[in-house]
Amino acid sequence: MSREAAREEILRIVREELLFGSERPIPTDAPLGDLGVGLDSLALVKLLTAVEGTFGVDVPDDVWTARGPLSVDALADVVGQAPRRDEVEATAESTLVRG
């Protein structure tokens with residue numbers, strides 16, 4: 001999936017599931033937390049859970065600390081770099097069969 005497609009889907013999740021259908025502009029480079037978009041810690045956890053489920057990836061635990069403030073753009077980059085769960089499972093199964 002392209003970065004642009006990931007960004008659009010993350011924006012959809014934020015708007016529909018966390019901001020209850022709000023149409024207000026969401027700058028993709030603004031922090032998602034209190035100092036930017038205004039999501040609280042519970043909303044941020046819900047967002048990461050929704051992103052993991054939607055894209056079939058595991059967001060690394062250091063997503064909060066490895067980068068600066070998390071934005072839609074930064075989260076789209078994380079999604080693009082994270083291995084998909086089905087790829088990880090296929091690799092693990094292949095290793096077990098050969099091993």
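It should be noted that the structure appears before, not after, this text.
Residues numbered from 1 in each chain as written. Predicted model: local features only at pLDDT ≥ 70, side-chain atom pairs only at ≥ 80, totals over all residues. Heavy atoms only, no water.

### Section: the overall build of the protein
Scanning the protein for helices and strands turns up 4 helices and 0 strands. The buried share of the protein, taken over its 99 residues, is 37%. Expressed as a percentage of contacts within the protein between residues at least 6 apart in sequence, the contacts between residues at least 24 apart total 58%. As presented, the protein carries roughly 6100 Å² of accessible surface, and 54% of it is formed by carbon and sulfur atoms. (Helix = DSSP H or I, 4+ residues; strand = E, 2+ residues; numbered from the N terminus. Buried < 20%, exposed > 50% of the residue type's maximum accessible area, 1.4 Å probe, protein only. Contact = heavy atoms within 4.5 Å. Areas by Shrake-Rupley, 256 points an atom, 1.4 Å probe, with all protein chains shown as cover.)

### Regarding the layout of surface pockets
Taken as a whole, the largest pocket spans an internal volume of roughly 150 Å³. Every residue lining the largest pocket is listed: Asp-58, Pro-60, Asp-62, Val-63, Ala-66, Arg-67, Val-78, Gln-81, Ala-82 and Pro-83. Grouping the constituent residues of the lining of the largest pocket by class yields 6 nonpolar, 1 polar and 3 charged. (1 Å grid on protein atoms, 1.4 Å probe; cavity = no way out; pocket = protein on both sides within 12 Å on 5 of 7 lines; lining within 4 Å. Points joined across faces, edges and corners; volume = space filled by probe spheres on them. Nonpolar A, V, L, I, M, F, W, Y, C, P; charged D, E, K, R; others polar.)

### Some points on the side chain of Asp-73
The topology assignment puts Asp-73 in helix H3 (residues 72–81). By relative accessible area, Asp-73 is classed as buried at 14%. Within the local environment of Asp-73, its side chain forms a polar contact with the side chain of Arg-7, the two groups lying 2.9 Å apart. Setting aside its immediate chain neighbours within four residues, Asp-73 contacts Arg-3, Arg-7, Thr-28 and Asp-29. (Polar contact = N/O pair within 3.5 Å; in protein donor to acceptor, adjacent residues only side chain to side chain.)

### Let's talk about the pattern of salt bridges
In the structure shown here, the tally under the stated rule is 8 salt bridges. A salt bridge links Asp-73 to Arg-3, with the nearest nitrogen and oxygen atoms 4.0 Å apart. Here the residue Asp-73 occupies a position in helix H3, and Arg-3 occupies one in helix H1 (residues 3–18), the gap between them amounting to 70 residues. Using a relative accessible area of 38% as the deciding quantity, one classes Arg-3 as partly exposed. (Salt bridge = Lys/Arg side-chain N within 4 Å of Asp/Glu carboxyl O.)

### A word on the packing of H1 against helix H2 (residues 41–55)
Where H1 contacts H2, the axes come no closer than 10 Å and their chain directions differ by 130 degrees. The orientation of H1 relative to H2 falls into the category oblique. The interaxial crossing formed by H1 with H2 has right-handed handedness. Residue-level inspection shows Ala-6, Glu-9, Ile-10, Ile-13, Val-14, Glu-17 and Leu-18 of H1 in contact with H2, the latter providing Ala-43, Lys-46, Leu-47, Ala-50, Val-51, Thr-54 and Phe-55. (Axes fitted to C-alpha atoms, helices over the stretch in contact; angles between N-to-C directions. Parallel < 35°, antiparallel > 145°, perpendicular 65-115°, else oblique. Left-handed = near helix turned anticlockwise from the far one by under 90°.)

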